[in-house]
Amino acid sequence: MGIKDVVPNEVGIEMYGLISRLYPICRSITGDGLRETLNIIREYIPLEMHEVPSGTKVFDWTVPKEWNIRDAYISHSNGERIVDFQKSNLHVVNYSSPIKKRISLAELKEHLFTLPDQPEWIPYRTSYYKESWGFCLSHNQFLELKDEEYEVCIDASLKEGHLTYGEYYLQGTTEDEFLISCHVCHPSLCNDNLSGIALATYLAKHLTALSLRYSYRFLFIPGTIGSITWLSLNEDRVSRVKHGLVVAGVGDSGKFTYKKSRRGDAEIDRAAIQILKESGDDYEIIDFFPYGYDERQYCSPGFNLPVGCLMRTPQSRYPEYHTSADNLDFVKPEFLEDSFSKYLAVVNIIEENRRYVNQNPKCEPQLGKRKLYERIGGQREMAVDQLALLWVLNMSDGAHSLLDIATLAQLPFGKLQSAAHLLREKMLLREI
Ligand SMILES: [Zn+2]
């Protein structure tokens, strides 16, 4: 009956498959890796591609030059590569300027980044808004470097071009929108960036087949500059966004975390919290703070949109974050599937959270003569269903939504949703 009852089979395995396809691509906030990623997503959903020219003013920011990279390495003077972009795209500081020269170890060291605490892992580093170059490598590899001359080469270009982003709009029966936003700008990192992309893609694909009250807008954008650009280009339409979620970090084994919108008590905040409460799993709720993913832009004071972030372990709270260890072993189909079903359950609440008016408000209507006992009788959960009917009837005064009633009654939203459907069939409720 409800949206949440139709979680597709093996969706976690399919999401993992998409992550595996996208993993090798060297993405950045602009460039061909980002385009290739969006083109692959277009095989799943009909994404609209947007190209915004470098130099475009977007609020206090400017769309940067476009970065593309073909190859990069550090080699011995005999040509043997010791750090090779072809083996891991994390080896190059993302957005590095092109360079090709011979260099001493002392000078080279000023451009090298490692993680002494995690000596096996390669860190992920960027330099978007300051032109520089650098390499990332494991600390163990760094310790093996001898005092000799090296050749460094970054065969990249940083030129006037475009910032690319993808948008998929799914029309519902109202113009009010539910925004789902994910970042698509990280190279080979699975939980950070690819898990969100996979969830947004499969959620969009799934919702496409359903008839929905809200219109859904899915954004696949480079972090920070992408949301700033989208908000700047769509300022006149932003007020249509009634609910929103930033999707990130949904493939790791950690417990769920919901970061509230800046408003703190928006319907999306209450729906996400309700789902986590009902799940029976361990979870954490955190208040909004102005750091993290693109909720920072959506929740800036000039917009203050009702956009939260539903994730598993928050960024920077796991050691693998922004390192080569955020790989295909770090995310698992079962966690992706669990995340998908929680997102779908939140969508279900938002779609079904309606206000009704009891059409028989003077004393309780006689449920027996309307066969409402028979409809639910004989089941072990009868008592709860009975209670759900009574709660919905009593609180449906036009002021309380089903989610309000779920909170008051401390009953699962789905029970009240089923009760409301039954009562509507019996003409005991009218939607307002
Ligand atoms: Zn990140």
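The structure displayed is predicted, hence computed values, not measured ones. (Residues numbered from 1 in each chain as written. Predicted model: local features only at pLDDT ≥ 70, side-chain atom pairs only at ≥ 80, totals over all residues. Heavy atoms only, no water.)

Some words on the overall build of the protein chain
Scanning the protein chain from terminus to terminus reveals 13 helices and 19 strands. Here the C-alpha coordinates of the protein chain stretch approximately 90 × 45 × 35 Å along the principal axes. The 432 residues of the protein chain split such that 58% are buried. Put simply, 79% of the contacts in the protein chain that link residues at least 6 apart link residues at least 24 apart. Taken as a whole, the protein chain presents about 18,400 Å² of accessible surface, with 48% of it coming from carbon and sulfur. Positive and negative charge centroids in the protein chain, built from 48 and 59 side chains respectively, lie 6 Å apart. (Helix = DSSP H or I, 4+ residues; strand = E, 2+ residues; numbered from the N terminus. Buried < 20%, exposed > 50% of the residue type's maximum accessible area, 1.4 Å probe, protein only. Contact = heavy atoms within 4.5 Å. Areas by Shrake-Rupley, 256 points an atom, 1.4 Å probe, with all protein chains shown as cover. Lys, Arg positive; Asp, Glu negative; His and termini not counted. Charge placed at Lys NZ, Arg CZ, Asp CG, Glu CD.)

A word on the pattern of salt bridges
Using the criterion set out here, one finds 27 salt bridges in the structure. Between Lys100 and Glu151 there is a salt bridge, with the nearest N and O atoms lying 3.0 Å from each other. Here Lys100, found in strand 6 (residues 99-104), pairs with Glu151, found in strand 9 (residues 149-159); they are 51 residues apart in sequence, far enough to count as distant. Residue Arg354 is joined to Glu431 by a salt bridge in which the shortest nitrogen-to-oxygen separation is 3.3 Å. Linking Arg354 in the loop between helix 9 (333-352) and strand 17 (355-358) with Glu431 in strand 19 (residues 429-431), this pair joins segments that are 77 residues apart in sequence. Judged by its relative accessible area of 17%, Arg354 is buried. Within this structure, Asp32, Arg35, Glu51 and Glu66 form a network of salt bridges that share partners. (Salt bridge = Lys/Arg side-chain N within 4 Å of Asp/Glu carboxyl O.)

Describing the packing of aromatic side chains
In total, this model carries 11 aromatic pairs according to the counting rule given. Measuring from ring centre to ring centre gives 6.3 Å for Trp133 and Phe135, while their planes differ by 80 degrees; the resulting arrangement is edge-to-face. Classification of Trp133 as buried rests on a relative accessible area of 12%. Among the aromatic residues, those joined into a cluster by ring pairs are Trp61, Trp67, Tyr95, Tyr128 and Tyr129. (Phe/Tyr/Trp six-rings, centres within 6.5 Å; stacked < 30°, edge-to-face > 60°.)

Remarks on the coordination of the zinc ion
Binding of the zinc ion to the protein goes through His186 (NE2), Asp192 (OD) and His322 (NE2), at separations of 2.0 to 2.1 Å. The motif formed by the donor residues of the zinc ion, counted along the single chain, is H-x5-D-x129-H. A residue is classified by how much of its surface remains accessible, and Asp192, at 0% relative accessible area, is buried. (Donors = N, O, S within 2.8 Å, 3.2 Å for Na, K, Ca; no water.)

A closer look at the nonpolar core
Counting 78 residues, the largest nonpolar core has Leu203, Leu207, Tyr216, Phe218, Phe220 and Leu245 as the members making the most contacts within it. Take this core: its biggest share by element is 10 residues, from helix 5 (residues 190-208). Discounting chain neighbours no more than four positions away, the residues touching Leu203 are Ile180, Phe218, Phe340, Tyr343, Leu344 and Val347. (Core = buried A, V, L, I, M, F, W, Y, C linked by side-chain atoms within 4.5 Å.)

Some details on helix 13 (residues 413-425)
With 13 residues, helix 13 should reach 18 Å at 1.5 Å per residue; the first-to-last C-alpha distance of 19 Å fits that figure. For helix 13, the set of buried residues is Phe413, Gly414, Lys415, Leu416, Gln417, Ala419, Ala420, Leu422 and Leu423. Within two residues after helix 13, Met427 carries a phi angle of roughly 60 degrees, on the positive side. (Expected span 1.5 Å × (residues − 1).)

Concerning the sheet that holds strand 1 (residues 48-53)
Pairing in this open sheet of 8 strands is mixed, and the strands run 1-10-12-11-13-16-14-15 from one edge to the other. Single-partner strands in this sheet number two, and they are strand 1 and strand 15 (283-286). For this sheet the average axis-to-axis angle between neighbouring strands, irrespective of direction, equals 20 degrees. Sheet topology places strand 14 (residues 256-259) next to strand 15; 4 bridges connect them, and they run parallel. In the sheet register, Thr257 faces strand 15, and the bridge partner there is Glu284. Sheet contacts for helix 2 (residues 32-41): strand 1, strand 10 (162-170) and strand 12 (215-221); angle to strand 10, the most-contacted strand, approximately 20 degrees. (Pairing = 2+ DSSP bridges. Axes fitted to C-alpha atoms, helices over the stretch in contact; angles between N-to-C directions.)

Observations regarding the layout of surface pockets
Computed from the structure, the largest pocket encloses a volume of approximately 500 Å³. Along its surface, the largest pocket is lined by 22 residues, and His186, Thr224, Gly292, Arg296 and His322 are the ones closest to its centre. Of the residues that constitute the lining of the largest pocket, the class distribution is 9 nonpolar, 9 polar and 4 charged. (1 Å grid on protein atoms, 1.4 Å probe; cavity = no way out; pocket = protein on both sides within 12 Å on 5 of 7 lines; lining within 4 Å. Points joined across faces, edges and corners; volume = space filled by probe spheres on them. Nonpolar A, V, L, I, M, F, W, Y, C, P; charged D, E, K, R; others polar.)

Some details on the sheet that holds strand 18 (residues 397-401)
What the 3 strands build is an open sheet, ordered 18-17-19; its pairing is antiparallel. Each end of this open sheet is capped by a strand with a single partner; those strands are strand 18 and strand 19. On average, each strand axis in the sheet is inclined to that of its neighbour by 35 degrees, with strand direction left out of account. Looking at chain direction, strand 17 and strand 19 are connected through 3 bridges and run antiparallel. Residue pairing across strands places Tyr356 opposite Glu431, the latter belonging to strand 19. Its contacts with the sheet place helix 12 (residues 402-409) against strand 17 and strand 18, and it is angled at close to 70 degrees to strand 18. Against the sheet, helix 13 engages strand 17 and strand 19, with an angle of about 105 degrees to strand 19.

What to know about the packing of helix 5 against helix 9
At their nearest, the axes of helix 5 and helix 9 sit 10 Å apart, and the two run at 50 degrees to each other. Judged by the angle between their axes, helix 5 and helix 9 are oblique. Helix 5 and helix 9 meet at a crossing whose hand is right-handed. Facing helix 5, whose interface residues are Ser195, Leu199, Tyr202, Leu203, His206 and Leu207, helix 9 presents Leu336, Ser339, Phe340, Tyr343, Leu344 and Val347. (Parallel < 35°, antiparallel > 145°, perpendicular 65-115°, else oblique. Left-handed = near helix turned anticlockwise from the far one by under 90°.)

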